[in-house]
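# Results of the structural survey
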Amino acid sequence: MYSSVNLLRSLTRAHKTIQVVARNYSVPAKQASVTSTFVGALRKIVGDQNVSTSDAVREQHGHDESHHASSLPDVVVFAESVEQVSQVAKFCNDNRVPLIPFGSGTGLEGGVNALEGGVALNMNKMNKIVELNSQDFDCTVQPGVMRIALNTFLRDTGLWFPIDPGADASICGMCATSASGTNAVRYGTMRENVLNLQVVLPDGRVFDTAGKGRRTKKTSAGYNLTNLFVGSEGTLGIITQATIRLYGIPEKTIAAVCHFNSVQDAVDTVVQILQCGIPMAKLEFLDDTAINAFNKYSKYNMTVANSLFLEFHGPAQGLEDQFDAVKELVEANNGFGLQVASDVDERTRLWKARHEMVYACTALVPGSRPYSTDVCVPISNLPEVIIKTKEMISEAGVQGPIVGHVGDGNFHVFFPIDREDKETLNKVTDISKRMALLGLSLNGTCTGEHGIGLGKRELLIKELGEHGVEVMKQVKQAFDPNGIMNPGKVFV
Ligand SMILES: Cc1cc2c(cc1C)N(C[C@H](O)[C@H](O)[C@H](O)COP(=O)(O)OP(=O)(O)OC[C@H]1O[C@@H](n3cnc4c(N)ncnc43)[C@H](O)[C@@H]1O)c1[nH]c(=O)[nH]c(=O)c1N2
Ligand SMILES: CC(C)CC(=O)C(=O)O
Ligand SMILES: [Mn+2]
C-alpha cells in the first residue's frame, strides 16, 4: 500500500518526465493478446470459478444500456478482494492488456464496451457495507454495493443516500460516471457527495484519495484526488471502495405535478422557485411528447402538456408553506392543474414512472434501444436550448420526448432507435451533435451526468479546448502510462 503523499510525489515526478512525450500522447495499441497462458495466470490469481471466457458472460459485459454496439472483452474476471484487483491490474499492466472495470452495466455512453478486447473486471462479489457512521452521516462501501441495496440497509437508521440515477447502479460505478439524477438540485451530484475513494492503479498500487480512513466533510489538504477519480470512467484506475455522505430521511415529503402551455413559463417558474430559496428536492420537466409516452407506458391519464414534477422534503411544520409559495408561482406563470400525489404509493408510482421514462420512450418504437442526450446549460439558457431542440426534432420528423432535471439546467432527449434504421440513426446523431454544440455555445456542457464514454469524445475537445484535453491526457499518462485502463474512452 502507498500513502497518498507518496503517490502525489510519484505523480509529480511522473508529470515532470512526461512533459515532452505527453504532447504525442495516444493510447498505446494492445501489445499482447489474451492467450490461454494469460487466462491460466488469471485463474491462479482469482481462482477458476472467477474467470469466464464463455460467450454469454462476455456478451453480458460487452455493452451497457446505451445504443452503442457491443464490443466483447476476451475474458471476464470476478474479483473477491482488493488484493486480487491489485494483482489482476498489475498482471494486465505488465502484459499491456486492456482492463475495463465493470460496475453494473447501466451506463449510457458505452463506458464498459471493450473496444480492444482485454479483461472486464467485475467486482459484484465485493458487496459489503464496510462501515456506517450514522452520527457523522457517512458510510463506506465496496464496489459491488448497489444504491437500492444501500438504501434498504439504511432505512432503519433514519438515513439515506439520495443520488438517484434512474437505474439501480453500483455506487462505485456512479462515482466513475459522476452520476446524479432527480435529487441533485437539493443534494448535489456524486462530485459533492464522495468523501474518499480507495483506488487501485494499473501498476497494482492501492491508495486512498483523501488518505486512509479520512472522512471529513471538508479538507484543504492538497490536490483533490477524490474528484479526479469521480467521473474518470475507468480510465485512471479501479475504484475499490467509496466513502459517501448520507442524509437524514426527511420527516415529510410532498410530490406534485403541474402543467404549462410553454417551456418558457415552466422554466421561469423553476427559476423563481429557486430565487425564493425554496429548498426543492426534485424539479423535473417533461414535455408534452414525454407525457404522452409516460401515459401510455405507465397507465396514467395525465394532461398532455409541458409539465413539472415537483418534490418537497422537510420537517412537517413549514412544508405546507413551501408548497403554498410554489403554488402561487405556478399560477403567476400561467401554470395549471397543480395536483399533489395523494399518498405514499401514488408518489412512489409517479417517480418510478419518471425513472422508467427511458423504457416508455423505447416502447414508442418496437425493438428500439434508447439514444439519449444529456445537455446541461446555465438555467437561464435552458428555454432557448429546449425550444430549438424541439424545432430540430420536429423538422427531422423523428420521435424525441424530452425530460429534464430542470432545476440543474440539465435535460435529455430520449430517441428510440432501431439500429437497422440507418436513416433515423443519422438524423438523430445529427440532432444530438447540434444540440450539444448549441449547449456549448450557451456556456453549457455536452454531458451533465452520463459522461463522455464513446459518444462524446469529439465534443469533449470542443468543450475543454485543445489545452484542456491535453492536460487531461497528461493526467491519464501519469496514472496509466501504458494506456491499459479502458482504452478508447473519453479521448479520441
Ligand atoms: C434507465 C436509466 C436511467 C438513468 C441511467 C441509466 C439507466 C439505464 N443513468 C446512468 C447511470 O448513471 C449509470 O448507469 C451509472 O452511474 C453507472 O453505474 P454502473 O455501476 O452501471 O457502471 P457501468 O458498469 O455502466 O460503468 C460505467 C463506467 O464506469 C466505469 N466503472 C464502473 N465501475 C467502476 C469502478 N469500480 N472503478 C472504476 N471505474 C468503474 C466503467 O468502466 C464505465 O466506464 C443515469 N445517470 C444519471 O446520472 N442520471 C440519471 O438520471 C440517469 N438515469
Ligand atoms: C436514458 C436517460 C436519458 C436517463 C436519464 O438520465 C433520466 O431519465 O433522467
Ligand atoms: Mn437524467
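Counting from 1, residues in each chain are numbered in the order their sequence is written. Each chain takes a letter, starting from A, and each ligand takes a number, starting from 1, following the order in which they are written. Whole-chain, interface and lining totals are the exception, using all residues; otherwise, since this is a predicted model, local features are given only for residues with pLDDT of at least 70 and side-chain atom pairs are given and counted only at 80 or more. Hydrogens and water molecules were not included; the side-chain quantities draw on all heavy atoms of the structure.

## Let's talk about the overall build of the chain
Quick reminder of the rule: Numbering of helices and strands starts at the N terminus; helices are DSSP runs of H or I of at least 4 residues and strands are runs of E of at least 2. The globule rule used for comparison is 2.2 Å times the number of residues to the exponent 0.38, while the radius of gyration itself is calculated over C-alpha atoms. The buried label applies to any residue whose accessible area, calculated with a 1.4 Å probe on protein chains only, is under 20% of its type's maximum; exposed applies above 50%, and partly exposed to all values in between. Contact criterion: two residues are considered in contact whenever any of their non-hydrogen atoms come within 4.5 Å of each other. Computed with the Shrake-Rupley method and a 1.4 Å probe, the accessible areas treat only the protein chains shown as cover for residues.
Regarding its fold elements, the chain presents 17 helices and 19 strands. Taking 2.2 N^0.38 as the reference for a compact globule, 492 residues should give roughly 23 Å; the C-alpha atoms of the chain span a radius of gyration of 23 Å, in line with that estimate. Along the first, second and third principal axes, the C-alpha atoms of the chain reach 65 × 55 × 45 Å. Buried positions account for 55% of the 492 residues belonging to the chain. By sequence separation, contacts in the chain at least 24 residues apart represent 74% of the contacts at least 6 residues apart. Just so you have it, the chain exposes about 20800 Å², and 50% of that area is on carbon and sulfur atoms.

## So, the site of ligand 1
Inclusion rule: Working definition: residue near molecule or strand if any one of its non-hydrogen atoms lies within 4 Å of it. For this analysis, a polar contact is any N or O atom pair within 3.5 Å, provided that within protein one partner can donate a hydrogen and the other can accept it, and provided that sequence-adjacent residues contribute only side-chain to side-chain pairs. Each residue gets one label: Ala, Val, Leu, Ile, Met, Phe, Trp, Tyr, Cys and Pro are nonpolar, Asp, Glu, Lys and Arg are charged, and the others, such as Gly, are polar.
Taken together, 36 residues are adjacent to ligand 1, and Pro-101, Ser-104, Thr-106, Ser-170 and Thr-177 come closest. Between ligand 1 and His-405 there is a distance of 3.5 Å, counted from an oxygen atom to a side-chain nitrogen or oxygen. Here ligand 1 loses 96% of its free accessible area of 970 Å² to cover by the protein chains. At the level of elements, β3 (99-102), α6 (171-177), β10 (238-245) and α14 (357-362) are the ones that each hand at least two residues to the shell around ligand 1. Top element by residues in the shell around ligand 1 is α6. It accounts for five residues. Broken down by class, the residue content of the shell around ligand 1 amounts to 16 nonpolar, 17 polar and three charged.

## Focus on the sheet that holds β3
Paired through backbone hydrogen bonds, the strands of a sheet run either parallel or antiparallel to each other. The condition that has to hold: Any two strands with at least two DSSP-identified bridges between them are counted as paired.
An order of β1-β2-β4-β3 is seen for the four strands of this open sheet, with the pairing classed as mixed. Two strands lie at the open edges of the sheet, namely β1 (51-52) and β3, each paired on one side alone. Looking at chain direction, strand β2 (residues 75-78) and strand β4 (residues 119-122) are connected through four bridges and run parallel. Considered in β4, the bridge of Val-77 is made with Leu-121.

## With respect to the UniProt feature "domain: FAD-binding PCMH-type" (unreviewed entry) in the chain
Applied cut-off: UniProt positions are given in the numbering used here, feature names are shortened, and annotations may be inferred rather than shown by experiment.
Mapped onto the present numbering, the UniProt feature "domain: FAD-binding PCMH-type" (unreviewed entry) falls at residues 69-249. Along residues 69-249, the helical share is 23% and the strand share 24%, with 40 Å between the first and last C-alpha atoms.

## Some thoughts on the coordination of the manganese ion (ligand 3)
To be explicit about the condition: Metal sites are built from N, O and S donor atoms within 2.8 Å, or 3.2 Å for Na, K and Ca, and they leave out water, so they may look incomplete. Here a site with four donors is tetrahedral if all angles are between 85 and 135 degrees, and a site with four or six donors is square planar or octahedral if opposite donors are over 155 degrees apart and the other angles are between 65 and 115; anything else gets the irregular label.
All of the protein donors around the manganese ion (ligand 3) are His-405 (NE2), His-412 (NE2) and Glu-449 (OE); their distances to the metal are 1.9 to 2.1 Å. Around the manganese ion (ligand 3) sit six donor atoms; with metal-centred angles ranging over 75 to 174°, the donor geometry is octahedral. All donors of the manganese ion (ligand 3) belong to a single chain; written as a sequence motif, their spacing is H-x6-H-x36-E. Remark: Glu-449 occurs in the loop between α16 (422-441) and α17 (457-479) and His-412 occurs in strand β19 (residues 410-417); sequence separation between them is 37 residues. On the basis of relative accessibility, which here comes to 8%, the residue Glu-449 falls in the buried class.

## A look at the packing of aromatic side chains
As a reminder of what qualifies: By convention, a stacked pair of Phe, Tyr or Trp rings (six-membered ring in the case of Trp) has centres within 6.5 Å and planes under 30 degrees apart, an edge-to-face pair has planes over 60 apart, and any other such pair is tilted. A positively charged side chain is recorded as over a ring if its NZ (Lys) or CZ (Arg) lies within 6 Å of the ring centre. The angle to the ring normal must also be within 35 degrees.
Taken as a whole, this structure holds 10 aromatic pairs when the rule is applied. Judged by centre distance (6.1 Å) and plane angle (70°), the ring pair of Phe-309 and Trp-351 falls under edge-to-face. Pair noted here: Phe-309 is in strand β14 (residues 306-314) and Trp-351 is in helix α13 (residues 344-355), with a separation of 42 residues, a long-range link. For Trp-351, a relative accessible area of 7% gives the class buried. Taken together, the ring pairs connect Phe-294, Tyr-300, Phe-309 and Trp-351 into an aromatic cluster. Across from the ring centre of Trp-351, 4.8 Å away, lies the NZ or CZ of Lys-282, which sits over that ring.

## Some thoughts on the sheet that holds strand β5 (residues 129-133)
Here is the rule we go by: For helices, the axis comes from a line fit to the C-alpha atoms of the stretch in contact; other axes are also lines fit to C-alpha atoms, and the angle between any two N-to-C directions lies between 0 and 180 degrees.
In spatial order, the strands read β5-β6-β10-β8-β9; together these five strands make up an open sheet with antiparallel pairing. Since the sheet does not close on itself, it has two edges, and those belong to β5 and β9 (206-208), each with one partner. Geometrically, the sheet is characterised by an average inter-axis angle of 10° between neighbouring strands, direction not taken into account. Where helix α4 (residues 82-95) meets the sheet, its contacts fall on β8 (194-200), β9 and β10, and the angle it forms with β8 comes to roughly 55°. On top of the sheet, helix α5 (residues 147-154) reaches β5, β6 (138-141) and β10; it is set at about 45° to β5, its chief contact.

## Quick notes on the site of ligand 2
Near ligand 2 the following residues occur: Leu-108, Arg-354, Val-358, Ser-372, His-405, His-412, Phe-414, Glu-449 and His-450. Residue Arg-354 places a side-chain N or O atom 2.8 Å away from an oxygen atom belonging to ligand 2. Separating an oxygen atom of ligand 2 from a side-chain N or O atom of His-405 is a distance of 3.0 Å. Relative to its unbound accessible surface of 290 Å², ligand 2 loses 90% to contact with the protein. For the shell around ligand 2, the class distribution of residues is three nonpolar, four polar and two charged.

## Considering the nonpolar core
Threshold: Among buried residues, the Ala, Val, Leu, Ile, Met, Phe, Trp, Tyr and Cys ones that are joined through side-chain atoms within 4.5 Å form a nonpolar core.
Judged by nonpolar contacts, the single largest core of 43 residues is most densely connected at Leu-308, Leu-310, Phe-411 and Phe-415. Secondary-structure elements contributing two or more residues to this core are β12 (252-260), α10 (263-275), β13 (280-286), β14, α12 (316-332), α15 (382-396), β19 and α16. Broken down by element, this core gets its largest block of residues, six residues, from α15. Setting aside residues up to four positions removed in sequence, Leu-308 forms contacts with Ala-256, Val-257, Cys-258, Phe-260, Ala-266, Thr-269, Val-270, Glu-284, Phe-285 and Val-406. Counting residues in each nonpolar core, the second largest holds 30 residues, with Ile-163, Ile-171, Val-194 and Leu-236 among its members.

## What to know about α15
Our working rule: A helix's residues, less one, multiplied by 1.5 Å, set its expected span.
In this model α15 runs 21 Å from its N-terminal to its C-terminal C-alpha over 15 residues, within 8% of the 21 Å that 1.5 Å per residue would give. Within the span of α15, buried status applies to Leu-382, Pro-383, Val-385, Ile-386, Thr-389, Met-392, Ile-393 and Ala-396. Residues of α15 that are buried make contact with α10, β13, β17 (375-376), β18 (402-405), β19 and α16. Gly-397 occupies a position one or two residues after α15 and carries a positive phi of about 65°.

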